[in-house]
Amino acid sequence: RLLGVHTVSVVRDREPAELAKVKERLRALGADVVLSESEMAALQEPLNVQGGGRRIVLAVDSVFGASGTRIVNQLVAGGTYVSLGFLGGKGLALDVTETLLFYRAIEFKGFRTSKELAAYSEGERADLWSWMLDLYERGDLKAPEVELTEWSVGEDGSELEGKLVSAIEKARGKEIGVPKQIIVFNN
């Protein structure tokens, strides 16, 4: 949004009230269009972002599988599909057809932050973090919602175990929309 890029966000299916909240939150963060996976699957024709015939030239996907296949099929000829993780789980396949590869010439790339940052000099990394911190301080970059689990030295060990197990179960669970779990050990 800061650079004039228009976006379409695709989110996992969820209850209608929860989906409405997620859509509202993502639009407030700058998304132009927010669709659930089911809404994406139901599309009968290519998406047109912001009118004027603007089609999708870049897809960044962290789920892969059937969802990724629907996303890659929305790209214009010569578009680029970037996979930046596998939140969908192991063993999911992206249906890459000869039409996508040869006739539409879609380019497929993987992105790993650690690999990309390794190519930066120390000064370039410092500049990047400074830029991101500035965006955060101005309110242009938002941190994800988190849930803190705190434990202080001297606190009952069984209480700690209960807190840790609860945080880990939330983090590993399949429930959608659970905040990131952060465990803080205080002295």
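Numbers given to residues run from 1 along each chain, matching the order in which its sequence is written. With the structure being a predicted model, the display of local features is reserved for residues of pLDDT at least 70 and the display and counting of side-chain atom pairs for 80 or more, all residues being used for whole-chain, interface and lining totals. Processing note: side-chain calculations cover all non-hydrogen atoms of the structure and skip hydrogens and water entirely.

Draft legend 1. Seen up close, the pairing of strand β1 (residues 8-11). Strands are treated as partners if at least two bridges between them are detected by DSSP. Comment: elements are numbered from the N terminus, with helices defined as DSSP H or I runs of at least four residues and strands as E runs of at least two. Pairing of β1 with strand β2 (residues 33-36) involves four bridges; the strand directions are parallel. Bridge pairing in β2 places Val10 opposite Leu35. With helix α1 (residues 16-28) bridging β1 and the parallel β2, this β-α-β connection has right-handed handedness. Here, the term right-handed applies to a crossover whose path from the first strand over the helix to the second runs clockwise when the strands point away from the viewer.

Draft legend 2. Up close: helix α3 (residues 65-72). Burial within α3 is extensive, with six of its eight residues counted as buried. Taken together, the buried positions of α3 are Gly65, Ser67, Gly68, Thr69, Ile71 and Val72. Residues of α3 that are buried in the fold lie against β1, α2 (37-41), β3 (56-61), β4 (75-83), α4 (98-103) and β5 (107-110). Only protein chains enter the accessibility calculation, which uses a 1.4 Å probe; a residue is then buried when its area is under 20% of its type maximum, exposed when over 50%, and partly exposed in between. The contact rule is simple, with two residues in contact once any of their heavy atoms fall within 4.5 Å.

Draft legend 3. Just the sheet that holds β3, in detail. If you walk across this open sheet you meet the three strands as β3-β4-β5, and the pairing is parallel. Of all strands in the sheet, those with a lone pairing partner are β3 and β5, marking the two edges. When the angles between neighbouring strand axes are averaged without regard to direction, this sheet yields 15°. With five bridges joining them, β3 and β4 adopt parallel strand pairing. Bridge pairing in β4 places Ala59 opposite Tyr81. Only the contacting stretch of a helix is used when fitting its axis, a line to C-alpha atoms as for every element, and angles between N-to-C directions run 0 to 180 degrees. Across the sheet, α3 touches β3, β4 and β5, and the angle it forms with β4 is around 150°.

Draft legend 4. View of the side chain of Ser67. Relative to the helices and strands, Ser67 is located in helix α3. Definition of a polar contact: a pair of N or O atoms within 3.5 Å, with one able to donate and the other able to accept a hydrogen when the atoms are protein atoms, and with sequence-neighbouring residues admitted only if both atoms are side-chain atoms. Among the polar contacts listed, one links the side chain of Ser67 to the side chain of Glu37, at a separation of 3.0 Å.

Draft legend 5. Representation of the pattern of salt bridges in the model. A side-chain nitrogen of Lys or Arg and a carboxyl oxygen of Asp or Glu constitute a salt bridge if their distance falls within 4 Å. As enumerated under the stated definition, the model contains five salt bridges in all. Across the pair Lys23 and Glu39 runs a salt bridge, and its minimum N-O distance is 3.0 Å. With Lys23 in helix α1 and Glu39 in helix α2, the pair connects residues that are 16 residues apart, well separated along the chain. Relative accessible area serves as the criterion here: at 30%, Glu39 is assigned to the partly exposed category. Residues joined in a network through salt bridges with shared partners are Asp134, Arg138 and Asp140.

Draft legend 6. Inspection of the pairing of β4 at higher detail. Among the nine residues in β4, seven count as buried, and that is most of the element. After leaving β3, the chain enters α3 and then returns to the sheet as β4, a path that is right-handed.

Draft legend 7. Spotlight on the side chain of Gln74. Considering the arrangement of structural elements, one finds Gln74 in the loop between α3 and β4. Sequence-distant contacts of Gln74, that is, excluding residues within four places in its chain, are made with Met40, Leu43, Glu45, Pro46, Leu47, Arg55, Ile56 and Arg104.

Draft legend 8. Structural view of the environment of Ile168. As for its placement among the helices and strands, Ile168 is situated in helix α7 (residues 157-172). By relative accessible area, which is 42% here, Ile168 ends up partly exposed. Residues Ile168 and Asp95, 73 residues apart in the sequence, show an inter-C-alpha distance of 33 Å.

Draft legend 9. Expanded view of the confidence of the model for the chain. On average, the chain scores 87 in pLDDT, and the residues at 70 or more come to 93%. Confidence scores labelled pLDDT are given residue by residue by the predictor and lie between 0 and 100. The weakest mean pLDDT in the chain belongs to α7 at 84; the strongest belongs to helix α6 (residues 122-138) at 95.

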